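# Working through the structure, step by step
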Amino acid sequence: MKIVAADIIVSSPDRNFVTLKITTDEGITGLGDATLNGRELSVASYLRDHVAPLLMGRDAHRIEDTWQFLYRSAYWRRGPVTMAAIAAVDVALWDILAKAAGMPLYQLLGGASRTGIMAYGHASGRDLPELFDSIRQHLDEGFRSIRVQTSVPGINAVYGVAAQPSSTGQRYDYEPAQRTPLPAEEDWDTRAYLRHLPSVFEAVRNEFGPELPLLHDGHHRMTPIQAAKLGKALEPYDLFWLEDCTPAENQEALRLVRQHTTTPLAIGEVFNTVWDYQTLIREQLIDYVRSAVTHTGGITAMRKLLDFAAQYQIKSGIHGPTDISPVGMAAALHLDLAIHNFGIQEYMKHTPLANEVFRQSFTFTDGYLHPGDQPGLGVELDEEAAARFPYEPAYLPFNRLKDGTVHDW
């Protein structure tokens, strides 16, 4: 079964997505997600100008060989653009293979290890009443695990708080890249954040009790000692995890955090290869792997990464915001269902426009996701609908401290 076409479709149904469609000489097509939020056209160009010509005539069954070829033949390895492009090819080929076999992808990965995939939702608020309302809304929608993000007194705009206005004056829902000519500037004060956050979790626990799994995302904004301080302060509130407490490019920094807190740690949504995790996994400095299938070389690479993590009792927590397209989300769900060391799946619901472009079979019921049992990924691209939503430049915000220093957002 030979590859005869590789088309790159860029569409913007509420936000930008890059989709790779591979077609074989038997007429079977496969989809892969190549979206890199805020840098989408770089991956589209990489695929169109450099990868697609290399795929023509290749055997679509040879997934591992194609992965290694694309990774090693470029010479310049790793990086978010390269790995997102490889991921798109990899997922599209798995989609083709499963369709040819006439079964859902998870069956080719060893079959289901569970009946459903526990997902967490994203609650936020500018104050406690608004936060409590958001938590109740998510519980009503069926979520049984909740990420909690909150505004901080003295800070104008904080990552992950949906109700606060953005620089465009619109609601800041689902952390979209904002459609502005330049990235929006936001402010940050770590000490104010560290003072405020423990009281928020105390209030949430008092209101919703000890059983509800609670998560929080630090979004890379703390130094190791600040992260250790926060993890220690949050221990009484029994978090499911504290995510991205510090920039983890310096893997050894997590040793300091680990020495001072037993709060479980989730790291890695900005990572893109297993090499980024070597120290973190081998020394058991984290509890959950946060990488996305879309950004980490696809199903082939993520399966190997999570098998490595399983040796150290580290579980999955695959990245799943709305800048991962439904194609990338479906790929994550098939992997979630098959692996043994599944932990939890991030889930943000895509908008009606996105669901018009990407027709999906995965379901969300009583707090659990399932990829469905259609052959392949279970996602089809409506190319006519996609063509109605052309690409629009968009950027994620960035932070500055009070003295003007650029800081991690």
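Cut-offs used in this document
- Residues numbered from 1 in each chain as written.
- Predicted model: local features only at pLDDT ≥ 70, side-chain atom pairs only at ≥ 80, totals over all residues.
- Heavy atoms only, no water.
- Phe/Tyr/Trp six-rings, centres within 6.5 Å; stacked < 30°, edge-to-face > 60°.
- Buried < 20%, exposed > 50% of the residue type's maximum accessible area, 1.4 Å probe, protein only.
- Lys NZ or Arg CZ within 6 Å of the ring centre and 35° of its normal.
- Pairing = 2+ DSSP bridges.
- Helix = DSSP H or I, 4+ residues; strand = E, 2+ residues; numbered from the N terminus.
- Axes fitted to C-alpha atoms, helices over the stretch in contact; angles between N-to-C directions.
- Contact = heavy atoms within 4.5 Å.
- Parallel < 35°, antiparallel > 145°, perpendicular 65-115°, else oblique.
- Nonpolar A, V, L, I, M, F, W, Y, C, P; charged D, E, K, R; others polar.
- Domains from an automatic or database assignment.
- Buried area = accessible area lost by both parts, 1.4 Å probe.
- Salt bridge = Lys/Arg side-chain N within 4 Å of Asp/Glu carboxyl O.
- Polar contact = N/O pair within 3.5 Å; in protein donor to acceptor, adjacent residues only side chain to side chain.

- The name an unreviewed UniProt entry gives the chain is Bifunctional D-altronate/D-mannonate dehydratase, with Micromonospora inaquosa as the organism.

## Focus on the packing of aromatic side chains
- Applying the stated criterion across every chain yields a total of 15 aromatic pairs.
- When the ring of Phe271 is compared with that of Tyr277, the centres are 4.9 Å apart and the planes differ by 85°; the resulting orientation is edge-to-face. Like Tyr277, Phe271 is buried.
- In this structure an aromatic cluster arises from ring pairing among Tyr120, Phe240, Trp241 and Tyr288.
- Just above the ring of Trp188 sits the side chain of Arg221; from NZ or CZ to the centre is 4.1 Å.

## Structural notes on the sheet that holds strand E2 (residues 17-24)
- Taken in spatial order, the three strands line up as E1-E2-E3 in an open sheet, and their pairing is antiparallel. Each edge of the open sheet carries a strand with a single partner, namely strand E1 (3-11) and strand E3 (29-33). Sheet twist, expressed as the mean angle between neighbouring strand axes with direction ignored, is 20°.
- Here E1 runs beside E2; their pairing, made up of eight bridges, is antiparallel. When the bridges of E2 are listed, Ile3 appears paired with Thr24.
- Sheet strands in contact with helix H1 (residues 40-55) are E1 and E2, and its direction is about 170° off that of E1.

## Re the packing of helix H3 (residues 80-101) against helix H10 (residues 298-310)
- At a minimum axis distance of 6 Å, the contact between H3 and H10 shows a crossing angle of 95°. Classified by the angle their axes make, H3 and H10 are roughly perpendicular. Where H3 abuts H10, its residues Ala87, Asp90, Val91 and Trp94 lie against Gly298, Ile299 and Thr300.
- Its residues assigned to classes, the contact of H3 with H10 shows four nonpolar, two polar and one charged.

## Some remarks on the pairing of E3
- Of all five residues in E3, four are buried; the element is thus mostly enclosed.
- Pairing of E2 with E3, which is carried by five bridges, proceeds in the antiparallel orientation. For Thr19, the partnering residue across the bridge sits in E3 and is Asp33.
- Joining the antiparallel neighbours E2 and E3 is a turn of four residues, in which Gly27 adopts a positive phi near 80°.

## Concerning the domain arrangement of the chain
- Assigned domains within the chain: domain 1 (2-104) and domain 2 (109-373).
- In this assembly, 31 residues from domain 1 lie in contact with 36 residues from domain 2.
- Regarding the contact of domain 1 and domain 2, the summed buried area is about 2500 Å², with carbon and sulfur atoms giving 57% of it.
- The three residues of domain 1 that bury the most area against domain 2 are Asp14, Arg15 and Asp33, which together make up 23% of that side's buried surface.
- Linking domain 1 to domain 2 there are three salt bridges.
- The closest approach of N and O atoms between Glu64 and Lys304, which form a salt bridge, is 2.8 Å.
- At the junction of domain 1 and domain 2, the tally comes to 17 residue pairs in polar contact (both at pLDDT 80 or more).
- The set of elements that each furnish at least two residues to the side of domain 1 that touches domain 2 consists of E2, E3, helix H2 (63-73) and H3.

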